[in-house]
Amino acid sequence: QVQLVESGGGLVQAGGSLRLSCAASGRPFSDYGMGWFRQAPGKEREFVAAISWRGGRTSYVDSVKGRFTISRDNAKNTVYLQMNSLKPEDTAVYYCAASSERVAVRSSPHEYRYWGQGTQVTVSS
């Protein structure tokens, strides 16, 4: 069992930056690959980024490549999502998730077993 708690969301102007954090507790953090997803009103949950257990592999949805960076600190049991050059279309609730697949990075929400409660990110134009 893993508990995940996101933080760092908020309201920011277009072009601004935010850093999301997701703190994990329970089983050893390094047992899991981690991912970030987002869900805008009326839309399905969308993959944003994923990272393998040591951080050696990462994956991003095309719309955030070059703007977002996922990273993790296993000593702090935390995964981060640095979001730069934010756009209004990035507005959503952002969720972190843990997958039992440690090595390969996964983009399907069905591959993730544990989820946080979400944090709202709002980008104004």
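About the thresholds
- Residues numbered from 1 in each chain as written.
- Predicted model: local features only at pLDDT ≥ 70, side-chain atom pairs only at ≥ 80, totals over all residues.
- Heavy atoms only, no water.
- Helix = DSSP H or I, 4+ residues; strand = E, 2+ residues; numbered from the N terminus.
- Rg over C-alpha atoms; globule rule 2.2 N^0.38 Å.
- Contact = heavy atoms within 4.5 Å.
- Phe/Tyr/Trp six-rings, centres within 6.5 Å; stacked < 30°, edge-to-face > 60°.
- Buried < 20%, exposed > 50% of the residue type's maximum accessible area, 1.4 Å probe, protein only.

Draft legend 1. A look at the overall build of the protein chain. For the protein chain, the helix and strand inventory stands at 0 helices and 11 strands. Element order for the protein chain, N to C, with α for helix and β for strand: β-β-β-β-β-β-β-β-β-β-β. Whereas a compact globule of 125 residues would reach a radius of gyration of roughly 14 Å, the protein chain reaches 13 Å, a difference of no more than 12%. If one aligns the C-alpha atoms of the protein chain with their principal axes, the spans along those axes are about 40 × 30 × 25 Å. Considering only residue pairs separated by 6 or more positions, the protein chain has 61% of its internal contacts joining residues 24 or more positions apart.

Draft legend 2. Representation of the packing of aromatic side chains in the model. Within this structure, the stated rule accounts for 5 aromatic pairs. Seen from their ring centres, tyrosine 32 and tyrosine 114 are 5.9 Å apart, and the 85 degrees between their planes marks the pair as edge-to-face. With tyrosine 32 in the loop between strand S3 (18-26) and strand S4 (33-39) and tyrosine 114 in strand S10 (residues 114-115), the pair connects residues that are 82 residues apart, well separated along the chain. For tyrosine 114, a relative accessible area of 10% puts it in the buried group. Where phenylalanine 37 meets tryptophan 115, the ring centres are 5.0 Å apart and the plane angle is 55 degrees; that geometry is what we call tilted.

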